[in-house]
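Okay, here's what each chain looks like letter by letter:
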Number of protein chains: 2
Amino acid sequence: MNPADLFDGLYTPALILDADRLERNAARMRARCDDLGVALRPHLKTAKSVDVARIAADGGQGPITVSTLAEAEYFAAAGWRDILYSTAIAPAKLARADRIQREHGARLLLIVDDREVAAAIGREASSLGARFGVLIEIDCGEHRSGVEPASAELVAIAEALGAHAPHVELAGVMAHAGHSYAFDDLASIRALAEVERLATVSSAELLRERGCPCPIVSVGSTPTALLAGHLEGVTEVRAGIYLFWDLSQLSRGICAEDDLAVSVLATVIGHQRRGPSLILDAGALALSKDIGANRFMPAGYGLVCDAATLKPLGALAVTTVHQEHGNVPVPDESWFARLPIGSRVRILPNHACLTCAAYPSYDVLRGGTLTTQWPRVSGW
Amino acid sequence: MNPADLFDGLYTPALILDADRLERNAARMRARCDDLGVALRPHLKTAKSVDVARIAADGGQGPITVSTLAEAEYFAAAGWRDILYSTAIAPAKLARADRIQREHGARLLLIVDDREVAAAIGREASSLGARFGVLIEIDCGEHRSGVEPASAELVAIAEALGAHAPHVELAGVMAHAGHSYAFDDLASIRALAEVERLATVSSAELLRERGCPCPIVSVGSTPTALLAGHLEGVTEVRAGIYLFWDLSQLSRGICAEDDLAVSVLATVIGHQRRGPSLILDAGALALSKDIGANRFMPAGYGLVCDAATLKPLGALAVTTVHQEHGNVPVPDESWFARLPIGSRVRILPNHACLTCAAYPSYDVLRGGTLTTQWPRVSGW
């Protein structure tokens, strides 16, 4: 087969997943966590796919992280039993969380960062006759959510949970060093990894001094997981983007170009001589409006690559998006002969989590051949 | 019922559509087009809903515009018969377009802006035994796509189509003044409306001089449709965002705050004392990363409103988004008592087209009461 014909049967835009790269990425993080002596609890908010989740766990159904209760339902229904829902739970959502546990025999770990909510969770869990494991979220510096490490509020939350045993059980502490994405120098990320570790370990130690067992000490962001000097005292790592990678990570030096496992297949649908630019059938919905990579590299809404090889075509990038159109400025009109209308390209996305969210499924490439489609879950 | 309990049964984030506002917006644009003496072909790329499409046409199933063949399939299956697919067609997509016409007895109008593609469409249509109406896209100044008005390329495309009659038929010309969104002064938008009109009318006149009937002269963007001095020579208007409106349009002075018909219902899931900020369960996926309104007003990723009244709460805006978290800076911690964890707010989105795309359905408000859910189509 001519490599250019590889995607002939696909309608564009389409989300392409290179399963060989995915498997390599997954194996590398498993090995890394083995080296660190911690468990890996893959975050599936990027992939939202049972097929990807199985590869992340080398075929198994170990502990996972999700970002929505829709994901929790989806994975529980497919047999996963140990699911950390990593967005702070609102008490009004507990009835649904309880249903997920009961219907599928799964255990949902919830997170909380407020003493009043902890008490409300306890009351609601009692009233439902439910049992939940709860992690206390620690703010390790990003100031998105979470309590100060080893703080009075941390202890107050633990006490509020303790008052409602056995309906709630303090399962541990967790932090997310999301601010590691603000850096592209490895020394800064390594330093943040240590901050993340200390924030959780010191919090767990304080809780244990107060008589709470605090079995789980969970950290996670892909950059800090990869760059931490050690993770002494930590029990598990949550990370997700390492499965697919994207330009935001590449731009920060965390991965290599040939690690990137997802791309958007698009068709050239026009040549704009004013510019000049290529017009693609992949715009704001197909790529998302995330431009996170541009802080550290010029990437526009995505880098344009050869469809067969996924090698970037010069520095071509989608620089303007409309809902269903993407414009790619070209240096001169010779590009119109090189990429005639009807030809295909692939686009490396800025932020795989957001780009993938627009698609109901992946078209899966393995050994250079399209093999299957893997569905994704969406919504809340 | 306490107004605050209005949304009690809903799980958040949820997409709320105020059907009363929608009906008022729809009626206003119909009246406007009646005054202008042109047909209205609503663009349903924003709404992607048969229920909304019926309201746009005052209960009917008149001509519509769509942005994807998935939308074309969905509306054709539901009985719509006159569908303009407003993204330039790639010849490889014609077999699917033909199937939509045959299976549902619909007529798809396609658009083209290149003479070689016009010839390829003609050849492919002949080979399929299909018949397509084709509009030539005119670039009226945005330089996204389309040919120069009244240009040699325009005539060449018409000739290429003519060579493949009756499989392709030149149905007319169309333009989209998308660059009208770059202005917030009504005089500039009014001037662009005249440029859009002249670009299409002069092109249609040239084609008619060459013996092509060119029955459809189609223009459209909501701002130019509302502000055009007159539309002499134009036969139809395509517009979509007027059905819902959003902050991008409000920021440009095109609509009023109480016209905005879609909002995202979110729950306060945390209070971040470092800041301080509210933490909502509506982040990048629930709101999109579009920040288009910020060019003309401070809106962040969306303005935070009272859940019951949809009145903005001071100047509160979502200024930071993670995948499932939105942070809303507040002036002081008194807001924590005003909006305790578990309380609900509604968020007015920057760009309704992108925000709505994340949701499988609308929760519909009518007469101040939640009445039903309307599904949406998505994907390609």
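Residues numbered from 1 in each chain as written. Chains lettered and ligands numbered in written order. Predicted model: local features only at pLDDT ≥ 70, side-chain atom pairs only at ≥ 80, totals over all residues.

### A few points about the overall build of chain A
Moving on, step 1. Secondary structure assignment for chain A yields twelve helices and 18 strands.
Moving on, step 2. Rg of the C-alpha trace for chain A: 22 Å, near the compact-globule value of 21 Å for 380 residues, within the 12% margin.
Moving on, step 3. With the C-alpha coordinates of chain A rotated into their principal frame, the extents come out at 70 × 45 × 35 Å.
Moving on, step 4. Each of the 380 residues in chain A was classed as buried or not, and the buried ones make up 60%.
Moving on, step 5. Counted over contacts in chain A with a minimum sequence separation of 6, partners at least 24 positions apart contribute 69%. (Helix = DSSP H or I, 4+ residues; strand = E, 2+ residues; numbered from the N terminus. Rg over C-alpha atoms; globule rule 2.2 N^0.38 Å. Buried ≥ 20, exposed ≤ 12 C-beta atoms within 10 Å, placed from the backbone. Contact = placed C-beta atoms within 7 Å.)

### So, helix α5 (residues 115–128) of chain B
Residues and elements named next belong to chain B.
Moving on, step 1. An ideal rise of 1.5 Å per residue puts 20 Å on 14 residues; α5 measures up with 20 Å between its terminal C-alpha atoms.
Moving on, step 2. Of the residues making up α5, those classed as buried are Arg115, Val117, Ala118, Ala119, Ala120, Ile121, Gly122, Glu124 and Ala125.
Moving on, step 3. Immediately downstream of α5, the backbone of Gly129 shows phi near 65 degrees, a positive value. (Expected span 1.5 Å × (residues − 1).)

### Things to note about the domain arrangement of chain A
Residues and elements named next belong to chain A.
Moving on, step 1. Split by domain assignment, chain A resolves into domain 1 (3–15 + 255–375) and domain 2 (21–243).
Moving on, step 2. Spacing between the C-alpha centres of domain 1 and domain 2 amounts to 34 Å.
Moving on, step 3. Counting from both sides, the interface comprises nine residues of domain 1 and, opposite them, ten residues of domain 2.
Moving on, step 4. Counting only elements with at least two residues in the side of domain 1 that touches domain 2, the list comes to α12 (352–356) and β18 (369–375).
Moving on, step 5. At three residues, α12 tops the list of elements feeding residues into the side of domain 1 that touches domain 2.
Moving on, step 6. Across the side of domain 1 that touches domain 2, the residue classes break down as eight nonpolar, no polar and one charged. (Domains from an automatic or database assignment. Nonpolar A, V, L, I, M, F, W, Y, C, P; charged D, E, K, R; others polar.)

### Things to note about the pairing of strand β15 (residues 326–329) of chain B
Residue and element names in this part refer to chain B.
Moving on, step 1. Two elements, strand β11 (residues 277–280) and β15, share four bridges in a ladder whose sense is antiparallel. Counted as the bridge partner of Leu278 is Val328 from β15.
Moving on, step 2. The pairing of strand β14 (residues 320–321) with β15 spans two bridges and is classified as antiparallel. Bridge pairing links Thr320 to Asn327 in β15.
Moving on, step 3. Linking β14 back to β15 in an antiparallel pair, the connection comprises four residues. (Pairing = 2+ DSSP bridges.)

### Comments concerning the sheet that holds strand β7 (residues 168–175) of chain B
All names here are of chain B.
Moving on, step 1. What the eight strands build is an open sheet, ordered β2-β9-β8-β7-β6-β5-β4-β3; its pairing is parallel. The open sheet terminates on both sides in strands that have one partner only, identified here as β2 (39–42) and β3 (64–66). On average, adjacent strands in this sheet sit at an angle of 30 degrees to one another, irrespective of strand direction.
Moving on, step 2. Alignment of β3 against strand β4 (residues 82–85), held across three bridges, turns out to be parallel. Bridging from a neighbouring strand, Thr65 pairs with Leu84 of β4. (Axes fitted to C-alpha atoms, helices over the stretch in contact; angles between N-to-C directions.)

### A word on the environment of Met297 of chain B
Moving on, step 1. Mapped onto the elements of the fold, Met297 of chain B is located in the loop between α10 (284–287) and β12 (302–306).
Moving on, step 2. Residues Met297 of chain B and Ser251 of chain B lie 46 residues apart in sequence; the distance between their C-alpha atoms is 5.7 Å.

### Describing the relation of the copies chain B and chain A
Moving on, step 1. Between the two copies, chain B and chain A, the superposition gives an RMSD of 0.0 Å; the rotation angle is 180 degrees and the shift along the axis is 0.0 Å. Such a combination of rotation and displacement between the chain copies is what one expects of a two-fold axis. Measuring from the rotation axis to each C-alpha of chain B, the shortest distance belongs to Lys289 of chain B, at 2.7 Å.
Moving on, step 2. Here 100% of the contact residues of chain B are again contact residues in chain A; the copies associate through an equivalent surface. (Least-squares fit on C-alpha atoms with pLDDT ≥ 70 in both.)

### Considering the interface of chain B and chain A
Moving on, step 1. Between chain B and chain A, the contact holds 49 residues from the first and 49 residues from the second.
Moving on, step 2. Within the residue set of the side of chain B that touches chain A, elements represented by two or more residues are α5, β10 (262–272), α10 and α12 (352–356) of chain B.
Moving on, step 3. In terms of residue count, β10 of chain B provides more of the side of chain B that touches chain A than any other element does, five residues in total.
Moving on, step 4. Class assignment of the residues belonging to the side of chain B that touches chain A gives a composition of 19 nonpolar, 18 polar and twelve charged.

### Notes on the sheet that holds strand β3 (residues 64–66) of chain A
Residue and element names in this part refer to chain A.
Moving on, step 1. Taken in spatial order, the eight strands of this open sheet run β2-β9-β8-β7-β6-β5-β4-β3, and their pairing is parallel. Here the strands that pair on one side only, and so sit at the sheet edges, are β2 (39–40) and β3.
Moving on, step 2. In terms of strand pairing, strand β8 (residues 216–219) meets strand β9 (residues 236–237) through two bridges, oriented parallel. Residue Val219 lies in a different strand from β9, and its bridge partner there is Val237.

### A word on the packing of helix α4 (residues 94–104) of chain B against α5 of chain B
All names here are of chain B.
Moving on, step 1. Where α4 meets α5, the axes come as close as 10 Å, and the angle between the chain directions of the two elements is 50 degrees. Our classification of the angle between α4 and α5 gives oblique. Crossing angle aside, the handedness with which α4 passes α5 is right-handed. The segment α4 lies against α5, with Leu94, Ala95 and Asp98 engaging Ile121, Glu124, Ala125 and Leu128.
Moving on, step 2. Looking at the contact of α4 with α5 residue by residue, the classes come out as five nonpolar, no polar and two charged. (Parallel < 35°, antiparallel > 145°, perpendicular 65-115°, else oblique. Left-handed = near helix turned anticlockwise from the far one by under 90°.)

### A few points about helix α6 (residues 152–162) of chain A
Residues and elements named next belong to chain A.
Moving on, step 1. Of the residues making up α6, those classed as buried are Leu154, Ile157, Ala158, Ala160 and Leu161. Each buried residue of α6 lies within a common arc of 160 degrees when the element is viewed along its axis, so the set occupies one face.
Moving on, step 2. Elements in contact with the buried residues of α6: β5 (107–112), α5 (115–128), β6 (132–138), β7 (168–175) and α7 (186–209). (Arc of directions from axis to C-beta.)

### Quick look at the pairing of β5 of chain A
All names here are of chain A.
Moving on, step 1. In terms of residue burial, β5 counts as a mostly covered element, since five of its six residues are buried.
Moving on, step 2. As paired elements, strand β4 (residues 82–85) and β5 share three bridges and run parallel to each other. Paired with Leu84 across the bridge in β5 is Leu109.
Moving on, step 3. Remark: the β4/helix α4 (residues 94–104)/β5 crossover connection has right-handed handedness.
Moving on, step 4. In the classification by handedness, the crossover that spans β5, the intervening α5 and the parallel β6 is right-handed. (Right-handed = clockwise from strand over helix to strand, strands pointing away.)

### Quick look at the packing of α5 of chain B against helix α6 (residues 152–162) of chain B
The angle between the axes and the distance between the axes are what describe a pair of packed helices.
Residue and element names in this part refer to chain B.
Moving on, step 1. Contact pair α5 / α6: the axes reach a minimum separation of 8 Å and the direction vectors enclose 10 degrees. Considering the angle they form, α5 stands roughly parallel to α6. Residues Arg115, Ala118, Ala119 and Gly122 of α5 pack against Glu153, Ala156, Ile157, Ala160 and Leu161 of α6.
Moving on, step 2. Of the residues that constitute the contact of α5 with α6, the class distribution is six nonpolar, one polar and two charged.

### Quick notes on the environment of Ser86 of chain B
All names here are of chain B.
Moving on, step 1. Of note, Ser86 is situated in the loop between β4 and α4.
Moving on, step 2. On the neighbour-count criterion, Ser86 (27 C-beta atoms within 10 Å) is buried.
Moving on, step 3. Remark: the alpha-carbon pair of Ser86 and Leu69, spanning 17 residues in sequence, is separated by 9.7 Å.
Moving on, step 4. What Ser86 contacts, discounting residues up to four positions off in sequence, is Thr65, Val66, Ser67, Ile111 and Arg238.

### A short note on the confidence of the model for chain A
Moving on, step 1. For chain A, the average pLDDT comes to 96, and 99% of its residues sit at 70 or higher.
Moving on, step 2. Here the complex is predicted with pTM 0.97, and the ipTM for its interfaces comes to 0.96. (pLDDT = per-residue confidence, 0-100.)

### Re the environment of Ala125 of chain B
All names here are of chain B.
Moving on, step 1. With respect to the secondary-structure elements, Ala125 resides in helix α5.
Moving on, step 2. For Ala125, a count of 25 C-beta atoms within 10 Å translates into the label buried.
Moving on, step 3. Along the sequence, Ala125 and Thr68 sit 57 residues apart, while their C-alpha atoms lie 19 Å from each other.
Moving on, step 4. Beyond its immediate stretch of four places on either side in the chain, Ala125 contacts Leu94, Ala130, Arg131, Phe132, His164, His167 and Val168.

### Details of unusual backbone geometry
Moving on, step 1. Cis geometry is found at the peptide bond from Thr12 of chain B to Pro13 of chain B, where omega equals -5 degrees.
Moving on, step 2. Going from Ala165 of chain B to Pro166 of chain B, the amide bond is cis rather than trans, its omega being 0 degrees.
Moving on, step 3. By secondary structure assignment, the location of Pro166 of chain B is in the loop between α6 and β7.
Moving on, step 4. Residues other than glycine seldom take positive phi values, yet Ser288 of chain A does so here, at roughly 80 degrees.
Moving on, step 5. Relative to the helices and strands, Ser288 of chain A resides in the loop between α10 (284–287) and β12 (302–306).
Moving on, step 6. For Ser288 of chain A, a count of 29 C-beta atoms within 10 Å gives the class buried.
Moving on, step 7. If you check the backbone angles, Lys48 of chain B has positive phi at about 50 degrees while not being a glycine.

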